[in-house]
Amino acid sequence: MPELSKVHPEVTWAQRSSASDAERNYLYVNIKAPDVAREGATLKITSTNVTFTGDSKKGVRYEVSLDLYAEIDPENSKVNHSDREVELVLRKKELKEEYWPRLLKTTQKIHFLKTDFDKWVDEDEQDEVAEDDYANNFGGLDALGGEGGGGLGNIDFSKLGAGLGDLGGAGADLGAAGAEGESDDEEMPELEEADKAAGESSKSSKIQEVS
């Protein structure tokens, strides 16, 4: 079997901060590892480091080790593994209003690390988007970790603890919104029937005029 080529996956990140609410004091870290099955990946999370290794179906081994700027709380961090990437929501250990100045301890520029501008919000504007931000970004991580969820098969659970898969009310709120959407959709057939009936009536009157 040929040796896999080793590459650093692209890593994107964003963050939120809070001095009073732990659930709004976190890091988004996405590891771009396409075509890596859950069973072919290993993820280790400690209070100061995230290490990921994954073998893709195209003969690429993704390897990355991230020494974090400050400590996180592994037991209250989340993970979801999709076909394209590994999504992490890492709880910052220290409740603090100020943002971390950077993701990693090193001050060197890391070529594979980029800001996730889709999730990034400036520090002084985060309170304005806090509610929508929490629902939108955590809602997709509703079923993390446990059996049948999106978690990695080779997570070092001794480091992660039992915090996976618990997102509070975000999933419930999202479910309620989805239920409302389904209710709206159910009205559509009635409108279609009404339009159809109107069309038949118009067609019938035209036939009578011709006759």
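About the cut-offs
Residues numbered from 1 in each chain as written. Predicted model: local features only at pLDDT ≥ 70, side-chain atom pairs only at ≥ 80, totals over all residues. Heavy atoms only, no water. Phe/Tyr/Trp six-rings, centres within 6.5 Å; stacked < 30°, edge-to-face > 60°. Helix = DSSP H or I, 4+ residues; strand = E, 2+ residues; numbered from the N terminus. Buried < 20%, exposed > 50% of the residue type's maximum accessible area, 1.4 Å probe, protein only. Lys NZ or Arg CZ within 6 Å of the ring centre and 35° of its normal. Pairing = 2+ DSSP bridges. Axes fitted to C-alpha atoms, helices over the stretch in contact; angles between N-to-C directions. Salt bridge = Lys/Arg side-chain N within 4 Å of Asp/Glu carboxyl O. Core = buried A, V, L, I, M, F, W, Y, C linked by side-chain atoms within 4.5 Å. Contact = heavy atoms within 4.5 Å.

## Looking at the packing of aromatic side chains
If you walk through the whole model with that rule in mind, you get 4 aromatic pairs. Ring centres 5.6 Å apart and planes at 75 degrees place the aromatic pair Tyr99 and Trp120 in the edge-to-face group. With a gap of 21 residues between them, Tyr99 in the loop between β8 (85–92) and β9 (113–115) and Trp120 in the loop between β9 and α1 (130–139) connect regions that are remote in the sequence. Classification of Trp120 as partly exposed rests on a relative accessible area of 25%. In textbook terms, an aromatic cluster arises when at least three aromatic residues are bridged by ring pairs, as seen for Trp13, Tyr99 and Trp120. In this structure, Lys119 is placed above the aromatic ring of Tyr28, and the distance from its NZ or CZ to the ring centre is 5.6 Å.

## Side note on the sheet that holds strand β5 (residues 49–56)
Across the sheet, 4 strands lie side by side as β1-β6-β5-β4; this open sheet has mixed pairing. Of all strands in the sheet, those bounded by a partner on one side alone are β1 (5–7) and β4 (36–45). The average angle at which neighbouring strand axes cross in this sheet is 15 degrees, direction not considered. Sheet topology note: the β1/strand β6 (residues 60–67) ladder contains 3 bridges and is parallel. Bridged to Val7 within β6 is Tyr62.

## Details of the pattern of salt bridges
All chains considered together, the criterion is met by 7 salt bridges. Between Asp35 and Lys58 there is a salt bridge; the shortest N-O distance is 3.5 Å. With Asp35 in the loop between β3 (26–32) and β4 and Lys58 in the loop between β5 and β6, this pair connects stretches of sequence that are 23 residues apart. Given a relative accessible area of 67%, Lys58 falls into the exposed group. The closest approach of N and O atoms between Arg61 and Asp55, which form a salt bridge, is 2.6 Å.

## What about the nonpolar core?
By size, the foremost hydrophobic cluster in this structure holds 27 residues, and its most contacted members are Leu27, Val29, Val50, Phe52, Leu66, Leu88 and Leu90. Only β2 (10–15), β3, β4, β5, β6, β7 (72–81) and β8 provide two or more residues apiece to this core. Look past the residues within four positions of Leu27 in its chain and what remains in contact with it is Trp13, Ala14, Gln15, Ile72, Leu88, Val89, Leu90, Lys92, Trp100 and Leu103.

## A word on the sheet that holds β7
Strand order in the open sheet made by the 5 strands is β7-β8-β3-β2-β9, with mixed pairing throughout. Across the chains shown, the open sheet's two edge strands, defined by having one partner strand only, are β7 and β9. Averaged over all pairs of adjacent strands, the angle between strand axes in this sheet comes to 25 degrees, irrespective of strand direction. Pairing analysis gives 3 bridges linking β2 to β9, with the strands arranged parallel. In the strand pairing of β9, Thr12 is matched with Lys114.

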